[in-house]
Amino acid sequence: MTVVFERTPGLTERKTHYCPGCTHGIIHRLVGEVLVELGVLGQTIGVAPVGCSVLAYDYFNCDMHEAAHGRAPAVATGIKRVLPDNVVFTYQGDGDLASIGTSEIVHVAHRGEKITTIFVNNAIYGMTGGQMAPTTLIGQRTTTSPTGRDAATTGFPLKMSEMLAQVPGAVFVERVSVHNPVYVRKAKRAIKRAFEVQLAGQGFGIVEVLSSCPTNWGLDPNQALKWLEENMIPYYPLGNLRDPKKEG
């Protein structure tokens, strides 16, 4: 019998805790596949955040380390400097990376630490009940912005990729999405490229992945993917912002 689809060795067999329709599972699979394809799974160390993906250490089939809220980049820095021959990555949501961990990610980028960050942006605090996040869109309703985010009182959504792309040490920056199969394939190429940059010792790399949160958006999975496409992508445009291939 021909096997056309199977679990990647990059992931464990642990059953998922994510809500139905959550795209964290897709992103996990892409990272796992890339680590296997690059032949580095056995030398990889991942750092899990606080948030919906706090249990990422249960899913990735490599060594994992838990970090305090927002501190994954600092923990990853220490690991990479002590074990420079290992592949090190952080897997973080927008509440973890773009709120409490903003300074951590900015300084890691400025130092050009040779790590890779997978940044999952679903524009809301998922684990703690759907509060407004730094990436929540203007007009988007959350439990702490029931009438919609108002720029006059809460400011504008943070565009982390655009911010980090201005930093010399952030040599690879790309924003992708996983709302349909075509873009899932594009996301995988970007994630693979980010790890290749680390393997080449070229500096810090980050891939921002637009992700859906059906539960806290109050939508079914299909509606959530459509909402992402129609609302998030216009504000957070997809594409590569920096790559050594383009600048070298």
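Computed from a prediction, not measured in an experiment: that's the story for all the values here.

Student: Would you mind going over the overall build of the protein chain with me for this structure?
Tutor: The helix and strand inventory of the protein chain stands at ten helices and seven strands. The C-alpha atoms of the protein chain give a radius of gyration of 17 Å, which matches the 18 Å a tight globule of 248 residues would have. Seen along its three principal axes, the alpha-carbon backbone of the protein chain occupies a region of about 50 × 50 × 35 Å. Counting the 248 residues in the protein chain, one finds 52% classified as buried. When the accessible surface of the protein chain is split by element, carbon and sulfur atoms take 55% of a total near 10,900 Å². Taking the average place of the 23 positive charges on the side chains of the protein chain and the average place of its 22 negative ones, the gap between the two points comes to 3 Å.

Student: What's the story with helix α7 (residues 181-199) in this structure? I'm lost.
Tutor: Since there are 3.6 residues in each turn of an α-helix, residues three or four apart along the chain are aligned in direction. Helix length check: α7 (19 residues) gives 27 Å between terminal C-alpha atoms against 27 Å at 1.5 Å per residue, within 8%. Along α7, the residues that are buried comprise V184, A187, A190, I191, R193, A194, F195, V197 and Q198. Its side-chain oxygen 3.1 Å from the backbone nitrogen of V182, N180 forms the N-cap of α7.

Student: Before we go on, may I ask you to explain the pattern of salt bridges in this structure?
Tutor: As a working rule, side chains carrying opposite charge can pair if their charged atoms are close by. Within this structure, the stated rule accounts for 13 salt bridges. Measuring nitrogen to oxygen at the nearest pair gives 3.0 Å for the salt bridge that ties K188 to E33. Residue K188 is located in helix α7, and its partner E33 is located in helix α1 (residues 24-37); the two are separated by 155 residues in the primary sequence. Taking the shortest distance from any N to any O, the salt bridge between E196 and R193 comes out at 3.7 Å. One end of the pair, E196, and the other, R193, are both in helix α7, three residues apart, so they sit about a helical turn from each other.

How each quantity is defined
Residues numbered from 1 in each chain as written. Predicted model: local features only at pLDDT ≥ 70, side-chain atom pairs only at ≥ 80, totals over all residues. Heavy atoms only, no water. Helix = DSSP H or I, 4+ residues; strand = E, 2+ residues; numbered from the N terminus. Rg over C-alpha atoms; globule rule 2.2 N^0.38 Å. Buried < 20%, exposed > 50% of the residue type's maximum accessible area, 1.4 Å probe, protein only. Areas by Shrake-Rupley, 256 points an atom, 1.4 Å probe, with all protein chains shown as cover. Lys, Arg positive; Asp, Glu negative; His and termini not counted. Charge placed at Lys NZ, Arg CZ, Asp CG, Glu CD. Expected span 1.5 Å × (residues − 1). Polar contact = N/O pair within 3.5 Å; in protein donor to acceptor, adjacent residues only side chain to side chain. Salt bridge = Lys/Arg side-chain N within 4 Å of Asp/Glu carboxyl O.

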